[in-house]
Amino acid sequence: MSDSVQAIRWDGETLILLDQRLLPASVSYLTCRQAGEVATAIHEMVVRGAPAIGIAAAWGVVLSARRHAADTAAILDDMQTLAAARPTAVNLFWALARMRSLVETGADAARLEREARAIHEEDIAANRRMGELGADLIEHPCRVLTHCNAGALATGGYGTALGVIRSAHARGLIDHVYADETRPWLQGARLTAWEMVQEGIPVSLLADGAAAHLMARGLVDWVIVGSDRIAANGDVANKIGTYGLAIAARHHGVRFMVVAPTSTIDMKLADGSRIPVEDRDADELLGCAGQRVAAPGAGVWNPVFDITPASLVDAIVTERGVVHKPDAASLRALMR
Ligand code: MRU
């Protein structure tokens, strides 16, 4: 499945996105012909997951260049629209910065297309490498808890956290995967469970609030998650609920692994308090699957990411290597 289902596909003229809002009930695709449509697709969660957002934005720049040819100002304008789509995943800004350096030197659409393809292919290669490095940390067959979806769907392919689970499973090191359902978008219930079932990896869903109880019962050896942005001191932004998992994991002696390519590391931010955390629409919490469930009149607080302090992380796995007990010095050494 990690190879056969593509969340993002370029057909030479248009960008084709698997509509992740509809999975697993329906496998349908959205065709983007303009950069603005890609920005809307990112904001509305058609395509989601930090690396996938960056890759989609890079292809959005290609669409813009094909439309506006040598009008650099118009392309830069479209890039601003893409950058405004979502604030937390730094991969978006990383990919746009890579494309911008070419746009500013007058690169044509064909050159930009090669760059977008490189960004996509490098991400898959990084995931495969991280899969092996992360699996190396797992000493014996284990039970893993994961949160949100950091799989093939969230990346160029193969996945970050789910890439480690895939590689470890191939080595016979995964007894069971527990997937938090991940309210409110249910990325765990809809997407992670879908990926695991298709690969024949045994998976059980649990309500987000059940995770600490699962650990207390001694049923988890590793928590393995992805990230949307890692600050220079190793603080980790990831889907809301990750911080609580890290606290519970430390309390119960469960190890906590973060898997993310170096494109997720933001050395410009000294610590996690500076990471912009996206707040999303109240309606996402007031209902479920389009059905209104909350009491009328209730207010809503809907931050969709949280920050896990580096001190709660046992290992950050990147394509350049593993950082154990991350801090500012070890991250600096990794990124040098
Ligand atoms: O809101 P989402 O679905 O884009 O959030 C995704 C996550 O939090 C993932 O864990 C993160 O982007 C890593 S994906 C490899």
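Computed from a predicted structure; not experimentally measured.

S.K.: Explanation requested: the site of the ligand in the structure shown.
M.R.: The immediate surroundings of the ligand are formed by 18 residues, with Arg48, Arg86, Gln187, Asn238 and Lys239 found nearest. Within the backbone of glycine 49, one N or O atom sits 3.0 Å away from an oxygen atom of the ligand. A distance of 2.7 Å is found between an oxygen atom of the ligand and a side-chain nitrogen or oxygen belonging to asparagine 238. For the ligand, whose free accessible area comes to 410 Å², the fraction covered by protein is 100%. Of all the elements in the fold, those that place two or more residues in the shell around the ligand are α2 (50–68) and β9 (236–239). Residue classes in the shell around the ligand are distributed as seven nonpolar, seven polar and four charged.

S.K.: Sorry if this is basic, but what is going on with the sheet that holds strand β3 (residues 29–32) here?
M.R.: Each strand in a sheet pairs with another by means of backbone hydrogen bonds, the pair being arranged parallel or else antiparallel. Sheet architecture is open: three strands sit in the order β1-β2-β3, paired in antiparallel fashion. Here the strands that pair on one side only, and so sit at the sheet edges, are β1 (8–10) and β3. If you compare each strand with its neighbour and ignore which way they point, the axes differ by 25° on average. Pairing between strand β2 (residues 15–18) and β3: four bridges, direction antiparallel. Looking at β3, one finds that leucine 17 is bridged to leucine 30. Each of β1, β2 and β3 touches α2; the most contacted strand, β1, lies at about 25° to it.

S.K.: For this particular structure, what's the right way to read the environment of isoleucine 224?
M.R.: With respect to the element layout, isoleucine 224 can be found in strand β7 (residues 222–225). Separated by 84 residues in the primary sequence, isoleucine 224 and threonine 308 have C-alpha atoms spaced 13 Å apart. If sequence neighbours within four positions are ignored, isoleucine 224 has contacts with Ile138, Val144, Leu145, Thr146, His147, Ala161, Val164, Ile165, Met257 and Val259.

S.K.: Just checking my understanding: could you explain the domain arrangement of the protein for this structure?
M.R.: Frequently, the measure chosen for interface size is the accessible area removed from exposure when the parts meet. We note that the domain assignment places domain 1 (8–126) and domain 2 (137–335) within the protein. Between domain 1 and domain 2, the C-alpha centre-to-centre distance is 24 Å. Counting residues at the interface gives 28 residues for domain 1 and 30 residues for domain 2. Both faces combined, the contact of domain 1 with domain 2 buries some 2300 Å², and carbon together with sulfur accounts for 58% of it. The largest contributions to the domain 1 side of the interface with domain 2 come from Arg48, Thr88 and Val90, which together make up 25% of the buried area. Viewed at the interface, domain 2 and domain 1 are joined by one salt bridge. A salt bridge links glutamate 278 to arginine 86; its shortest N-O distance comes to 2.9 Å. Where domain 1 packs against domain 2, one counts 16 residue pairs in polar contact (both at pLDDT 80 or more). Sorting the residues of the side of domain 1 that touches domain 2 by element identifies α2, α4 (90–103) and α5 (109–136) as the ones contributing at least two each.

S.K.: Before we go on, may I ask you to explain the nonpolar core in this structure?
M.R.: Here is a general trend for soluble globular proteins: nonpolar side chains tend to be buried in one another's company. Ile8, Leu15, Leu17, Ile42, Val61 and Met99 are the most contacted members of the largest nonpolar core, which has 44 residues in total. No other element matches α2, which puts 12 residues into this core. Residues from two domains meet in this core; each of domain 1 (8–126) and domain 2 (137–335) gives at least three. The next biggest cluster of nonpolar side chains, apart from the first, holds 26 residues, and it includes Ala246, Ala249, Val258 and Val323.

Quick notes on the rules
- Residues numbered from 1 in each chain as written.
- Predicted model: local features only at pLDDT ≥ 70, side-chain atom pairs only at ≥ 80, totals over all residues.
- Heavy atoms only, no water.
- Near = heavy atom within 4 Å.
- Polar contact = N/O pair within 3.5 Å; in protein donor to acceptor, adjacent residues only side chain to side chain.
- Areas by Shrake-Rupley, 256 points an atom, 1.4 Å probe, with all protein chains shown as cover.
- Helix = DSSP H or I, 4+ residues; strand = E, 2+ residues; numbered from the N terminus.
- Nonpolar A, V, L, I, M, F, W, Y, C, P; charged D, E, K, R; others polar.
- Pairing = 2+ DSSP bridges.
- Axes fitted to C-alpha atoms, helices over the stretch in contact; angles between N-to-C directions.
- Contact = heavy atoms within 4.5 Å.
- Domains from an automatic or database assignment.
- Buried area = accessible area lost by both parts, 1.4 Å probe.
- Salt bridge = Lys/Arg side-chain N within 4 Å of Asp/Glu carboxyl O.
- Core = buried A, V, L, I, M, F, W, Y, C linked by side-chain atoms within 4.5 Å.
- Buried < 20%, exposed > 50% of the residue type's maximum accessible area, 1.4 Å probe, protein only.

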